[in-house]
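So you can see what is in the structure, the chains are spelled out below.
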Amino acid sequence: MSSCLNHDALKQRHRALRDGYPVSLNLRVHRALSWLKRSEMADDDDGRFIFLWIAFNAAYACEIDERYGLSEQATFMGFVERL
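Residues numbered from 1 in each chain as written. Predicted model: local features only at pLDDT ≥ 70, side-chain atom pairs only at ≥ 80, totals over all residues. Heavy atoms only, no water.

Participant: Let's hear about the environment of Y60: which residues, and what values?
Facilitator: Locating Y60 in the fold gives a position in helix 3 (residues 45-60). When the C-alpha positions of Y60 and F79 are compared, they lie 6.9 Å apart, and in sequence the two are 19 residues distant. Residues contacting Y60, with those up to four places away along its chain left out, are E72, T75, F76 and F79. (Helix = DSSP H or I, 4+ residues; strand = E, 2+ residues; numbered from the N terminus. Contact = heavy atoms within 4.5 Å.)

In structure tokens, the structure reads:
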């Protein structure tokens, strides 16, 4: 795993940047990083996959303003592009 994509490196980066972000985003990132850490502690591929999936969903989950009428696919692609 790349050193820039592990929990510790991402947690440090989040701490350095979080004051500039909304509380709701910081909470999602905190939850996602917690699940990422748990995935790094898993000793089997199935466990890692499940915890990474939960981490992804923790980061991805957000309230979608229905005024924009985005499809789920468009919302997902926008999220992936921001990553």
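Participant: An account of a nonpolar patch on the surface is needed here, citing residue identities and associated values.
Facilitator: On the surface, a nonpolar cluster with roughly 370 Å² of combined accessible area is contributed by F49, I50 and W53. Looking at where W53 falls in the secondary structure, it is placed in helix 3. (Patch = residues over 30% accessible without salt bridge, like charges linked within 9 Å, V, L, I, M, F, W, Y side chains within 5 Å. Areas by Shrake-Rupley, 256 points an atom, 1.4 Å probe, with all protein chains shown as cover. Salt bridge = Lys/Arg side-chain N within 4 Å of Asp/Glu carboxyl O.)

Participant: Can you lay out the packing of helix 1 (residues 7-17) against helix 2 (residues 23-41) for me, pointing to particular residues and giving the numbers?
Facilitator: For the pair helix 1 and helix 2, the least separation of the axes is 9 Å and the interaxial angle reads 165°. Accordingly, the angle class assigned to the pair helix 1 and helix 2 is roughly antiparallel. Both helix 1 and helix 2 take part in a crossing whose hand is left-handed. Packed against helix 1, whose contacting residues are H7, L10, K11 and H14, the element helix 2 presents N26, V29, H30, L33, L36, K37 and E40 at the interface. (Axes fitted to C-alpha atoms, helices over the stretch in contact; angles between N-to-C directions. Parallel < 35°, antiparallel > 145°, perpendicular 65-115°, else oblique. Left-handed = near helix turned anticlockwise from the far one by under 90°.)

Participant: Lay out the packing of helix 3 against helix 4 (residues 72-82) in plain terms, naming residues and giving numbers.
Facilitator: Two elements in contact, helix 3 and helix 4, have axes separated by 11 Å at closest approach and are oriented at 100°. The angle between the axes of helix 3 and helix 4 places the two elements in the roughly perpendicular class. Between helix 3, through F56, A59 and Y60, and helix 4, the contact on the second element is made entirely by E72, T75, F76 and F79. Taken together, the residues of the contact of helix 3 with helix 4 sort by class into five nonpolar, one polar and one charged. (Nonpolar A, V, L, I, M, F, W, Y, C, P; charged D, E, K, R; others polar.)

Participant: An account of the side chain of H7 is needed here, citing residue identities and associated values.
Facilitator: Among the secondary structure elements, H7 is positioned in helix 1. Ignoring sequence-local partners within four residues, the contact set of H7 consists of L33, L36, K37 and E40.

Participant: Which residues make up the packing of aromatic side chains, and what values do they have?
Facilitator: In total, this model carries three aromatic pairs according to the counting rule given. Between W35 and F51, the aromatic rings sit 5.7 Å apart at their centres with planes inclined by 20°, giving stacked as the arrangement. Of the two residues, W35 is situated in helix 2 and F51 in helix 3; the sequence distance between them amounts to 16 residues. Residue class for W35 comes out partly exposed when judged on its relative accessible area of 33%. For F51, a relative accessible area of 17% translates into the label buried. Through a chain of ring-to-ring contacts, three or more aromatic side chains come together here, namely F49, W53 and F56. (Phe/Tyr/Trp six-rings, centres within 6.5 Å; stacked < 30°, edge-to-face > 60°. Buried < 20%, exposed > 50% of the residue type's maximum accessible area, 1.4 Å probe, protein only.)

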